Protein chains: 4
Amino acid sequence: MKKKSQVFIGVIGAGKCSKKIYDLAFEVGAGIAKKGAVLVCGGLGGVMEGAAKGAKENGGLTLGLLPGDEKIDANPYIDIPIPTGIGEARNLLVIRTSDAVVALPGRYGTLSELAFCLKMDKPVVGISTWQVAEKMKQTKDPQKAVKLVFQALKKK
Amino acid sequence: MKKKSQVFIGVIGAGKCSKKIYDLAFEVGAGIAKKGAVLVCGGLGGVMEGAAKGAKENGGLTLGLLPGDEKIDANPYIDIPIPTGIGEARNLLVIRTSDAVVALPGRYGTLSELAFCLKMDKPVVGISTWQVAEKMKQTKDPQKAVKLVFQALKKK
Amino acid sequence: MKKKSQVFIGVIGAGKCSKKIYDLAFEVGAGIAKKGAVLVCGGLGGVMEGAAKGAKENGGLTLGLLPGDEKIDANPYIDIPIPTGIGEARNLLVIRTSDAVVALPGRYGTLSELAFCLKMDKPVVGISTWQVAEKMKQTKDPQKAVKLVFQALKKK
Amino acid sequence: MKKKSQVFIGVIGAGKCSKKIYDLAFEVGAGIAKKGAVLVCGGLGGVMEGAAKGAKENGGLTLGLLPGDEKIDANPYIDIPIPTGIGEARNLLVIRTSDAVVALPGRYGTLSELAFCLKMDKPVVGISTWQVAEKMKQTKDPQKAVKLVFQALKKK
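Calculation criteria
Residues numbered from 1 in each chain as written. Chains lettered and ligands numbered in written order. Predicted model: local features only at pLDDT ≥ 70, side-chain atom pairs only at ≥ 80, totals over all residues. Heavy atoms only, no water. Contact = heavy atoms within 4.5 Å. Salt bridge = Lys/Arg side-chain N within 4 Å of Asp/Glu carboxyl O. Polar contact = N/O pair within 3.5 Å; in protein donor to acceptor, adjacent residues only side chain to side chain. Helix = DSSP H or I, 4+ residues; strand = E, 2+ residues; numbered from the N terminus. Nonpolar A, V, L, I, M, F, W, Y, C, P; charged D, E, K, R; others polar. Axes fitted to C-alpha atoms, helices over the stretch in contact; angles between N-to-C directions. Parallel < 35°, antiparallel > 145°, perpendicular 65-115°, else oblique. Left-handed = near helix turned anticlockwise from the far one by under 90°. Pairing = 2+ DSSP bridges. Phe/Tyr/Trp six-rings, centres within 6.5 Å; stacked < 30°, edge-to-face > 60°. Buried < 20%, exposed > 50% of the residue type's maximum accessible area, 1.4 Å probe, protein only. Lys NZ or Arg CZ within 6 Å of the ring centre and 35° of its normal. Right-handed = clockwise from strand over helix to strand, strands pointing away.

Draft legend 1. Molecular detail of the interface of chain C and chain B. Residue-level contacts link 16 residues of chain C with 16 residues of chain B. Applying the counting rule to chain C against chain B returns two salt bridges. Taken together, the connections running from chain C to chain B amount to zero residue pairs in polar contact (both at pLDDT 80 or more). Mapped by element, the contributors of at least two residues to the side of chain C that touches chain B are α3 (90–97) and α4 (108–119) of chain C. Top element by residues in the side of chain C that touches chain B is α4 of chain C. It accounts for eight residues. A breakdown of the residues in the side of chain C that touches chain B according to their chemical character gives 10 nonpolar, three polar and three charged.

Draft legend 2. Expanded view of the packing of helix α3 (residues 90–97) of chain A against helix α4 (residues 108–119) of chain A. Residue and element names in this part refer to chain A. Two elements in contact, α3 and α4, have axes whose closest approach is 9 Å; the angle formed by their N-to-C orientations is 45 degrees. The pairing of α3 with α4 is recorded here as oblique in orientation. Classified by chirality, the crossing of α4 by α3 is right-handed. Every residue of α4 that contacts α3 at Asn 91, Leu 92, Val 94 and Ile 95 is listed here: Gly 109, Ser 112, Glu 113, Phe 116 and Cys 117.

Draft legend 3. Examining the sheet that holds strand β1 (residues 8–12) of chain C more closely. Residue and element names in this part refer to chain C. Pairing within the open sheet is parallel, and its seven strands lie in the order β4-β3-β2-β1-β5-β6-β7. Because the sheet does not close on itself, it has two edges, and the strands there are β4 (80–83) and β7 (137–139). If you compare each strand with its neighbour and ignore which way they point, the axes differ by 20 degrees on average. Note that strand β6 (residues 124–127) and β7 share three bridges and pair parallel. Bridge pairing in β7 places Val 125 opposite Lys 137. In this fold α3 packs onto β1, β2 (38–41), β3 (62–66) and β5 (100–103), with an angle of close to 155 degrees to the strand it touches most, β3.

Draft legend 4. Seen up close, the packing of aromatic side chains. Inspection of every chain in the model, using the stated rule, returns six aromatic pairs over all chains. Centre to centre, the rings of Tyr 108 of chain D and Trp 130 of chain D are 5.8 Å apart; their planes meet at 40 degrees, and the pair counts as tilted. Of this pair, Tyr 108 of chain D sits in helix α4 (residues 108–119) while Trp 130 of chain D sits in the loop between β6 (124–127) and β7 (137–139), and the two are 22 residues apart along the sequence. The buried category is assigned to Tyr 108 of chain D, whose relative accessible area is 14%. Note that Lys 35 of chain B overlies the ring of Phe 150 of chain B, its terminal NZ or CZ placed 5.3 Å from the centroid.

Draft legend 5. Broad picture of the pairing of strand β3 (residues 62–66) of chain B. All names here are of chain B. Of all five residues in β3, five are buried, a share of seventy percent or more. On β3, burial covers both faces: Thr 62, Gly 64 and Leu 66 on one face and Leu 63 and Leu 65 on the other are all buried. Bridge analysis of strand β2 (residues 38–41) against β3 gives three bridges, and the strand direction is parallel. Within β3, the position partnered with Val 40 by the bridge is Leu 63. After leaving β2, the chain enters helix α2 (residues 47–56) and then returns to the sheet as β3, a path that is right-handed.

Just distances and angles here, no functional claims.
Laid out in structure tokens, this is it:
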């Protein structure tokens with residue numbers, strides 16, 4: 001009776017970003033939804049919102065692990081808002097809940113999340129972001145990033 | 001474009017329980033799913049498993065906020081396992097994520113969750129569990145508990 | 001070279017309280033310091049401040065586990081402020097860091113802490129607070145509470 | 001009556017390390033204690049133990065924010081063990097509790113802590129570790145690292 005277990009892909013990056021990066025995040029979210037995976041993110045604005053919007057508009061399910069204790073903080077494209085109330089420590093939950101991660105440009109919060117990806121040995125593909133390990137693949141193309149992250153997952 | 005926002009109902013109680021209490025939890029989970037709400041729980045055994053099984057077998061979506069850092073710890077009826085890695089502190093996330101809560105018998109972990117329900121002013125209905133506030137309603141009937149918890153939600 | 005390991009006593013109770021309860025907390029903090037133990041609390045006002053003041057004015061060391069992420073939130077009698085940034089989840093850290101606990105009157109936050117005391121099997125003495133277990137001792141006298149909590153610790 | 005507020009210096013780095021790095025950490029801990037500051041660390045082995053030993057043997061006070069829920073996990077040089085029970089998320093508490101940080105070599109856990117230092121705008125001096133920001137100073141000399149970190153603190 002148990003169905004094939006669901007794949008969860010995290011998208012991380014800046015909470016405030018340019019239209020260009022928002023659009024890249026949208027494309028990544030769209031690609032994740034088309035593959036039938038659940039989108040995991042921090043639930044707020046910028047990259048998180050772009051990715052969630054892309055997933056929602058392509059029939060995907062979106063999960064937002066919020067730092068605060070109110071669901072109302074979630075961007076409007078989050079189906080499942082989790083108000084963790086544990087502040088920045090929720091970054092670890094984003095990574096733990098994801099089977100693999102796509103990282104867009106971001107500052108030190110994104111760097112901390114990348115560090116946790118590598119510590120927890122989760123596959124991660126970057127789109128023009130911090131290069132923190134030799135094995136970490138980077139691309140400029142959001143569709144290629146989605147393709148690479150699903151490939152990495154298969155190899156695990 | 002934004003759909004009507006989803007209702008989340010938490011079910012709390014002992015991680016190990018008798019068949020009788022497991023069956024009560026099953027009925028509560030079933031009732032929640034039939035009402036179209038998402039079931040939120042701690043993702044492990046006992047009451048959490050009974051409720052998740054009841055929800056799954058009635059077409060519901062189930063969310064498990066796990067204390068450990070591995071998804072594999074989730075019971076087989078959890079669709080969305082969140083390995084928080086923050087131990088017992090995840091009890092607070094179960095309550096924060098829930099719009100209202102049904103509490104079954106449990107020990108001090110359940111008592112702490114009830115205390116958080118009241119602190120966060122979330123509607124809670126008990127099934128033969130700790131009576132920690134005058135306003136807290138109790139019943140022995142799982143279907144009545146589901147009915148009462150949705151009624152309490154409407155009044156908010 | 002290693003010195004005899006330090007005893008840590010937690011004091012829990014309302015963040016806002018009457019002068020009478022503040023004075024009771026002061027007496028408890030004073031008693032803990034006179035016994036040479038470290039005072040552990042949530043670092044904010046009310047019972048936490050009364051207890052920290054009592055300990056400081058009697059030569060004790062005081063530890064405050066704060067919910068927010070700024071040390072400035074600590075009351076002026078805290079020597080070691082720990083800005084956990086994890087909100088109410090810091091209640092669990094107060095209990096885990098304490099070898100035994102004195103509980104003064106408080107609302108649901110205090111109840112949740114009492115529940116964690118019992119879950120973690122930490123000795124706890126109440127001063128006119130929630131009676132959550134038969135084995136939990138209560139008194140109205142702060143000096144007796146301190147005496148009882150150190151006795152309970154010895155028996156462990 | 002309130003005494004001059006205490007300075008807290010964090011030391012971060014690998015939980016397992018060579019004798020050479022352990023000795024560097026010892027020197028850093030010794031320097032921090034000689035300056036009268038409290039040493040903050042993750043409470044476990046490797047760099048954390050070296051630093052705590054250096055501080056203890058020079059009359060300092062040592063604080064260990066442990067990932068697990070048992071004090072017994074702390075290394076023998078920790079005066080104040082805080083069993084957070086929140087796993088790796090305790091890394092954030094190490095940084096928040098520190099007014100400034102010395103970073104020794106470490107892997108991705110250390111990188112995540114460095115990212116949090118920069119995010120929270122805490123002064124940080126590295127000893128042959130990750131260079132994650134231009135403004136971050138590095139040295140090979142533990143005594144110079146201590147000197148630089150106290151200088152950075154004064155400028156704030």
